[in-house]
Amino acid sequence: MTTQLVSLICVLLMWQIGVTAQAPQSPPMANPGCPAKCGNITIPFPFGIGAGCSFSNWFDIDCNNNHKPFLRSSGLEVLSISAQESSMRVNHPIFSTCQVNTTTFASVELGDPFAFNTTVNRFTGVGCNNLISMSSYWDESIVAGCVSMCENYEYPLSTSSCLGVNCCQTGIPQLLKAFNVTLSTMSNNSKRGACRYAFLVDQQSIDSSTSNILEIVHNMTHVPVVLDWGITSNFPPGINETIPSYNNSNAKCTNTLSKQIPTLTLVQCRCNDGYQGNPYLHEGCQGKLVLSRSS
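Reading guide: rules and limits
The written sequence of each chain sets the order in which its residues are numbered from 1. Confidence filtering applies because this is a predicted model: local features only for residues at pLDDT of at least 70, side-chain atom pairs given and counted only at 80 or more, and all residues used for totals across whole chains, interfaces and linings. As a convention, hydrogens and water are excluded, and side-chain values are obtained from all of the structure's heavy atoms. The pairing criterion for strands is at least two bridges between them, as found by DSSP. Only DSSP runs of H or I with at least four residues qualify as helices, and only runs of E with at least two residues qualify as strands; both kinds are numbered from the N terminus onward. Aromatic pairs are defined between Phe, Tyr and Trp rings, using the six-membered ring for Trp, whenever the two ring centres lie within 6.5 Å; interplanar angles under 30 degrees are classed as stacked, those over 60 as edge-to-face, and all others as tilted. Buried means the residue's accessible area, taken with a 1.4 Å probe over protein chains only, is under 20% of the maximum for its type, while exposed means over 50%, and partly exposed covers the values in between.

Caption draft 1: Focus on the sheet that holds strand E13 (residues 167-170). Judged by pairing direction, the sheet is antiparallel, and its four strands sit side by side in the order E7-E15-E10-E13 without closing on themselves. Because the sheet does not close on itself, it has two edges, and the strands there are strand E7 (95-96) and E13. When strand E10 (residues 121-126) meets strand E15 (residues 197-202), the two strands line up antiparallel, connected through six bridges. Within E15, the position partnered with Thr124 by the bridge is Phe199.

So this is what it looks like as structure tokens:
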């Protein structure tokens, strides 16, 4: 019995040593020799900090003295970047009539590789008798809008009840890169000077907040939004113009056409199941540790 127990312990120790040796290191995210983080925010390629670290100027990141990353092409503060999902969260401004006389505002123009995500972002209006509309930056046609009505301006508003009373929400069109916002009033009896707001927001950030929406817009100048992104032409090493037929055991890339620029192809890559890392780096997707029992 003792001999069998010793033999079993030896087998387990050898198996553990073998597993440890096979355990993969954390896959690289940044271009070799380039900073991988700004503060606590990971900056994966095709984004980069410094000369020669990004895929193109569109993906240049400025890391300021407070260790906060900003997308140089738009000036938006970066909250997170996912290479696997080809998405990023940024801070986008809240438009308000509180301290200005104007009722028409323009969003940031994102540029070719970026678009506002249609799945989680919601165009949101807050305030009494507030009619908000979103129009195309390109031809000024209205693409989204909603109305928030009210019986009592002080009516409490939770983050999960934006149903048209003091708050309204609607979706946005696909491949939206820039837009104009107009705030109007639905009634001449509306409180003169009362603040009205319009903004695009990642609905998940609103749902997870402990504050109600009125508190959020009163205390914040920006809210998180999600951007989709892809790379344009000049594909990374190991990827060629046969996309979307490009495919190997580690990663796969597909392309889509931009609605604003029909000749523009955006390429998005992701690691295949069982792999993790950065699909935009050559051999950037590495296998996860999988335990198998040999016969």
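Caption draft 2: Region of the structure containing the packing of aromatic side chains. Scanning all chains against the criterion turns up 10 aromatic pairs. With a centroid separation of 6.3 Å and an interplanar angle of 40 degrees, the aromatic rings of Phe47 and Phe114 are classed as tilted. Here Phe114 lies in strand E9 (residues 114-116) and Phe47 lies in the loop between strand E2 (41-42) and strand E3 (61-63), a separation of 67 residues in the sequence. Judged by relative accessible area, which is 1%, Phe47 ranks as buried. According to the relative accessible area criterion, Phe114 is buried, its value standing at 0%. Each ring, one from Phe55 and one from Phe59, has its centre 6.3 Å from the other, and the planes form 70 degrees; the classification is edge-to-face. Residue classification places Phe55 among the buried positions, given a relative accessible area of 19%. Here the aromatic cluster, defined as three or more aromatic residues joined through ring pairs, consists of Phe45, Phe47, Phe55, Phe59, Phe114, Trp229 and Tyr280.

Caption draft 3: View of the environment of Gly33. Position of Gly33 relative to the elements: it lies in the loop between helix H1 (2-22) and strand E1 (37-38). Since its relative accessible area comes to 86%, Gly33 is described here as exposed. With 20 residues separating them in the primary sequence, Gly33 and Cys53 have C-alpha atoms 8.2 Å apart.

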